[in-house]
Amino acid sequence: MTNRVLPVVHNDRESEARTPSQPLLILPSEARDAFDPMPVLPPVSPREADLTRIAPGRPRASGDAIVVTGRILDEDRRPVRRSVLEIWNANTRGRYSHIRDLANPAPLDPNFYGFGRATTDDDGVYRIRTIKPGPYIARTDIGWWRPPHVHFSLLGGGVRLVTQMYFPNEPLNEKDYIHMTVPADERSRTIASAVQPDVFQFDLVVRGRFQNFV
Ligand SMILES: [Fe+2]
């Protein structure tokens, strides 16, 4: 076996050579969808959309039970039907049921798993029940507290979108380094609306100009 000596590259002209010389064609969305490999997913049970109990008949988790509901839309504001949502959030004390959160001194709740799934209906509407998450400290060295938030992962409309939902009127929102990455005039789209004290509406756009921020 001989050692091949690779040429020393002093610039990035190789990537220039790969750049298309002609304007790109925009594929119609129908064609994009057709190219997407979509795994056959196990059917989502309606029970999976209720995170407030880990199983029927078990005690309800601690904290404030809330409903999060909204519509999943594509860039033309058409409903994304039968989209599969995964959501996860910390418990009322700001602790995740996850091995990566072992250093968190906040207590686990034996009645809160913190992960669920739901599908959208023909109008693109989803509805989940969960416990309003508490804030948690993300970086002790710089005192960075994350505001209450719910994580979303959506499969549908030809994309997988991973994003977060914030709650209204939370003072920590404006100090959160992740929330601050969203341009100021777009931040309101990342915050749910309280349509009732315990019901929050959060619509998501999966792609295009108004795609939700990741
Ligand atoms: Fe989080």
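Data block above holds the structure.
Values in this document were obtained by computation on a predicted structure and should not be read as measured data.

> How should unusual backbone geometry be read in this particular structure?
Where the residue is not glycine, phi is negative for most of them; where a peptide bond is considered, it is trans in most cases. At R77, a position not held by glycine, the phi torsion is positive, near 60 degrees. With respect to the secondary-structure elements, R77 resides in the loop between β1 (65–73) and β2 (84–88). With 12 C-beta atoms packed within 10 Å, R77 lands in the exposed category. With a phi close to 60 degrees, N169 is a non-glycine residue in the positive phi region. Note that N169 resides in the loop between β8 (159–166) and β9 (193–196).

> In this structure, what is going on with the sheet that holds strand β7 (residues 149–156)? I would like to understand it.
Paired through their backbone hydrogen bonds, the strands of a sheet run either parallel or antiparallel. Read across the open sheet, the 4 strands follow the order β3-β2-β7-β8; overall the sheet is antiparallel. Looking at the sheet topology across the chains shown, the edges are occupied by β3 (115–119) and β8. Between one strand axis and the next, the sheet turns by 20 degrees as a mean value, whatever way the strands run. Of the pairings in the sheet, the one linking β7 to β8 comprises 8 bridges and is antiparallel in character.

> Just checking my understanding: could you explain the pairing of β3 for this structure?
For β3, the buried fraction is high: 4 of the 5 residues fall into the buried class. Of the strand pairs in this sheet, β2 and β3 are connected by 5 bridges, and their pairing is antiparallel. When the sheet's bridge partners are listed, V84 is paired in β3 with T119.

> Looking at this structure, how should I read the environment of P43?
With respect to the secondary-structure elements, P43 resides in the loop between α2 (29–35) and β1. For P43, a count of 8 C-beta atoms within 10 Å translates into the label exposed. Between the C-alpha atoms of P43 and V84, which are 41 residues apart in sequence, the distance is 9.5 Å.

Cut-offs and rules
Residues numbered from 1 in each chain as written. Predicted model: local features only at pLDDT ≥ 70, side-chain atom pairs only at ≥ 80, totals over all residues. Helix = DSSP H or I, 4+ residues; strand = E, 2+ residues; numbered from the N terminus. Buried ≥ 20, exposed ≤ 12 C-beta atoms within 10 Å, placed from the backbone. Pairing = 2+ DSSP bridges. Axes fitted to C-alpha atoms, helices over the stretch in contact; angles between N-to-C directions.

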